[in-house]
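Geometric and topological summary
This is what each chain is made of:
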Amino acid sequence: MSRFSPAEAAERLASGLLSFPVTHFRDDLSFDEAAYRDNIGWLSGFGATGLFAAGGTGEFFSLTPAEVESVVTAAVQEVPADIPVIAPAGYGTATAVELARAAERAGADGLLLLPPYLTEAPQEGLVEHVRAVCAATDLGVIIYSRANAVYSDTTVARLAEECPNLIGFKDGVGDIEKMTRIYSRVGDRLTYVGGLPTAETFALPYLEMGVTTYSSAMYNFVPEFAVRFYDAVRERDRVAVYRYLNEFVLPYCDIRNRSAGYAVSIVKAGMRAIGRPAGPVRAPLVDLDETELAMLTELIDRVPEARA
């Protein structure tokens, strides 16, 4: 049973920074539940207002449905009562519906609906996809616009009208005109979440378009820095934001951009660098090499505010 109504979850998520924890694996790539639970407890002490279990940073795409339910269950059982847990759903519509129902069984407080697997779809097909998932659950649903599921402003407005438990829109595209059109049509009916890789780079301009929060992958390994950066954004302290970007975020992005898939891999590398390893990534992702890990470790070490 969820602890938050859809409206309560939306309000809570919009009020602060969002945690997207990695999923811990042992060396044999099995789910390390004990280490995952320990890490959830650690992360919960730094002020995030929502936790997205087994999301993109949590390697949703490499987990089986049964593993997803195990990860979500563990997160629900470990987080403090005031932090909503958002579970993932994705792939084809039938699978997404099953994952939505599993999230309810696990006690999640909401859903992040990731893009369908492989195939492109017209806007009408995306409407039917989202409508089916929303109808299958009482949980609040956040749609993730990226890759092969990029929602138009008219589609988002239609879904917001037809699906009472649609509570949020997460942007993974970075199209400022599209975001402006969506907010102009829908306004505060939805909670807007920044969802680009290393969302900190877009946080300040997106705040002006009603995007009050974002998913912070670096919160996994530099949580105090991530919260300090978020606070500077919300205070519109441009001097601090650009100092943090130049000192840490942009050099971090330079390492991330060295290989496809590093948006996830670099997060696990960061956890290894601070002495809280989460195991390897699963294929088709690859881990950072030793040179890149050393570059990341040096970056963390030379920015005092990046250490928890």
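In this report, we go over the structure that sits alongside the text. Small disclaimer: the values here were computed from a predicted structure and weren't measured. (Residues numbered from 1 in each chain as written. Predicted model: local features only at pLDDT ≥ 70, side-chain atom pairs only at ≥ 80, totals over all residues. Heavy atoms only, no water.)

**Regarding the sheet that holds strand β5 (residues 140-145)**
If you walk around this closed barrel you meet the eight strands as β1-β2-β3-β4-β5-β6-β7-β8, and the pairing is parallel. In the sheet, strand β3 (residues 85-89) pairs with strand β4 (residues 110-113) via four bridges, with the strands oriented parallel. Paired with P88 across the strands is L112, a residue of β4. Sitting on the sheet, helix α1 (residues 6-14) touches β1 (18-19), β2 (50-52), β3, β5, β6 (166-171), β7 (191-194) and β8 (213-216), and the angle it makes with β6 is about 30°. Here helix α7 (residues 176-186) sits on the sheet and contacts β6 and β7; the angle it forms with β7, its principal contact strand, is near 165°. (Pairing = 2+ DSSP bridges. Helix = DSSP H or I, 4+ residues; strand = E, 2+ residues; numbered from the N terminus. Contact = heavy atoms within 4.5 Å. Axes fitted to C-alpha atoms, helices over the stretch in contact; angles between N-to-C directions.)

**As for the nonpolar core**
One recurring pattern in soluble globular proteins is that nonpolar side chains are buried together. Core analysis: the largest hydrophobic core is formed by 69 residues, its most contacted members being L111, I143, Y151, L166 and F169. Non-local contacts of Y151, meaning those with residues more than four positions away in its chain, are made with Q123, L126, V130, I143, Y144, S145, V156, L159, F169, K178 and I182. Counting residues in hydrophobic clusters, the runner-up holds 43 residues, among them L17, Y230, A240 and I300. (Core = buried A, V, L, I, M, F, W, Y, C linked by side-chain atoms within 4.5 Å. Buried < 20%, exposed > 50% of the residue type's maximum accessible area, 1.4 Å probe, protein only.)

**What to know about the packing of aromatic side chains**
What the rule picks out here adds up to 14 aromatic pairs. Directly above the aromatic system of Y144 lies the positively charged group of K170, at a separation of 4.3 Å from the ring centroid. Here R276 stacks its cationic end above the ring of W42, 4.2 Å away from the centre of that ring. (Phe/Tyr/Trp six-rings, centres within 6.5 Å; stacked < 30°, edge-to-face > 60°. Lys NZ or Arg CZ within 6 Å of the ring centre and 35° of its normal.)

**Focus on the pattern of salt bridges**
The full count for this structure, using the stated rule, is 18 salt bridges. Here R12 ties to D82 by a salt bridge, and the two come within 3.5 Å at their closest N and O atoms. Here D82 lies in the loop between α3 (65-78) and β3 and R12 lies in helix α1, a separation of 70 residues in the sequence. For R12, a relative accessible area of 24% corresponds to the partly exposed category. (Salt bridge = Lys/Arg side-chain N within 4 Å of Asp/Glu carboxyl O.)

**Thoughts on the packing of helix α2 (residues 33-43) against α3**
The N-to-C vectors of α2 and α3 enclose an angle of 40°; their axes lie 9 Å apart at closest approach. Put simply, α2 runs oblique to α3. In this structure, the crossing between α2 and α3 has a hand that is right-handed. Here E33, Y36, R37 and I40 of α2 lie close against α3, whose contacting residues are V71, A74, A75, Q77 and E78. Looking at the contact of α2 with α3 residue by residue, the classes come out as five nonpolar, one polar and three charged. (Parallel < 35°, antiparallel > 145°, perpendicular 65-115°, else oblique. Left-handed = near helix turned anticlockwise from the far one by under 90°. Nonpolar A, V, L, I, M, F, W, Y, C, P; charged D, E, K, R; others polar.)

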